[in-house]
Amino acid sequence: MRKTPGGSFTDTERKAARAIHEKRYRGRPGYSDELVDALDTGLLSALEDPSNTFYCLYAKTDANSTTEDLVSYLRFKQDGDRTKLASVMANDDFQGGKMGEMLAEGAFREQQRL
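**Student:** Lay out the overall build of the protein chain in plain terms, naming residues and giving numbers.
**Tutor:** Counting its regular elements, the protein chain contains 3 helices and 4 strands. Secondary structure of the protein chain in N-to-C order comes out as β-α-α-β-β-β-α. Across the 114 residues in the protein chain, those meeting the buried criterion constitute 38%. Of the accessible surface of the protein chain, which amounts to about 6,900 Å², a share of 48% is contributed by carbon and sulfur atoms.

Structural data, given as structure tokens:
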């Protein structure tokens, strides 16, 4: 698990986060294209906003790969003196999204220490 403040993501990480987000919402009942586009705009803003803290989980998604891919992320938003859970996303194609549950447990423990 890697803790990453908003504004610190590489282009590759931003693309991966957006791909997870897109897959989660696009084409699902109740999510119009306009709504999904607005959610994507919000995610892009959050990825650049240093008041957001992301807990990111990376893993090899291909046995032949030499690099790890973003498979799940959880975002906390600092709002004045309060910290709020803002979003949890997981790549459902990777172990059925179970990594998101594991990430959430670790991130909640870390946030409690702050």
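The structure having been displayed, the exposition proceeds.
**Student:** Requested: an account of the packing of aromatic side chains, with residues and values cited.
**Tutor:** Evaluated as defined, the whole model comprises 4 aromatic pairs. Taking 4.8 Å as the distance between ring centres and 45° as the angle between the ring planes, the aromatic pair formed by Y25 and Y31 counts as tilted. In this structure Y31 comes out as partly exposed when scored by relative accessible area, which is 32%. Members of the aromatic cluster, connected to one another through ring pairs, are F9, F54 and Y73. The aromatic ring of Y58 is capped on one face by R2, whose charged end is 4.0 Å from the ring centroid.

**Student:** So what's going on with the side chain of H21? Residues and values would help.
**Tutor:** Looking at the element boundaries, H21 is found in helix α1 (residues 11-25). In this structure, H21 is in contact with L39, D40, L43, Y73 and M89, ignoring residues within four places of it in sequence.

**Student:** Could you give me a rundown of the sheet that holds strand β1 (residues 2-5), with the residues and numbers involved?
**Tutor:** Read from one edge to the other, the open sheet built from 4 strands follows the order β1-β2-β3-β4, with strand pairing classed as antiparallel. The sheet terminates laterally at β1 and β4 (82-90), the two strands that pair on one side only. Averaged over all pairs of adjacent strands, the angle between strand axes in this sheet comes to 25°, irrespective of strand direction. Sheet topology note: the strand β2 (residues 52-59)/strand β3 (residues 69-79) ladder contains 8 bridges and is antiparallel. The residue bridging T53 from the neighbouring strand is F76, located in β3. Across the sheet, α1 touches β1, β2, β3 and β4, and the angle it forms with β3 is around 90°.

**Student:** Lay out the packing of α1 against helix α2 (residues 33-48) with the relevant residues and their values.
**Tutor:** Relative to each other, α1 and α2 sit at 150°, their axes nearing to 10 Å. On the basis of their axis angle, the class for α1 and α2 is roughly antiparallel. For the crossing formed where α1 meets α2, the hand is right-handed. When α1 is examined against α2, the residues R14, A17, R18, H21, E22 and Y25 are found in contact with a partner set consisting of V36, L39, D40, L43, L44, L47 and E48.

Reading the values: rules and limits
Residues numbered from 1 in each chain as written. Predicted model: local features only at pLDDT ≥ 70, side-chain atom pairs only at ≥ 80, totals over all residues. Heavy atoms only, no water. Helix = DSSP H or I, 4+ residues; strand = E, 2+ residues; numbered from the N terminus. Buried < 20%, exposed > 50% of the residue type's maximum accessible area, 1.4 Å probe, protein only. Areas by Shrake-Rupley, 256 points an atom, 1.4 Å probe, with all protein chains shown as cover. Phe/Tyr/Trp six-rings, centres within 6.5 Å; stacked < 30°, edge-to-face > 60°. Lys NZ or Arg CZ within 6 Å of the ring centre and 35° of its normal. Contact = heavy atoms within 4.5 Å. Pairing = 2+ DSSP bridges. Axes fitted to C-alpha atoms, helices over the stretch in contact; angles between N-to-C directions. Parallel < 35°, antiparallel > 145°, perpendicular 65-115°, else oblique. Left-handed = near helix turned anticlockwise from the far one by under 90°.

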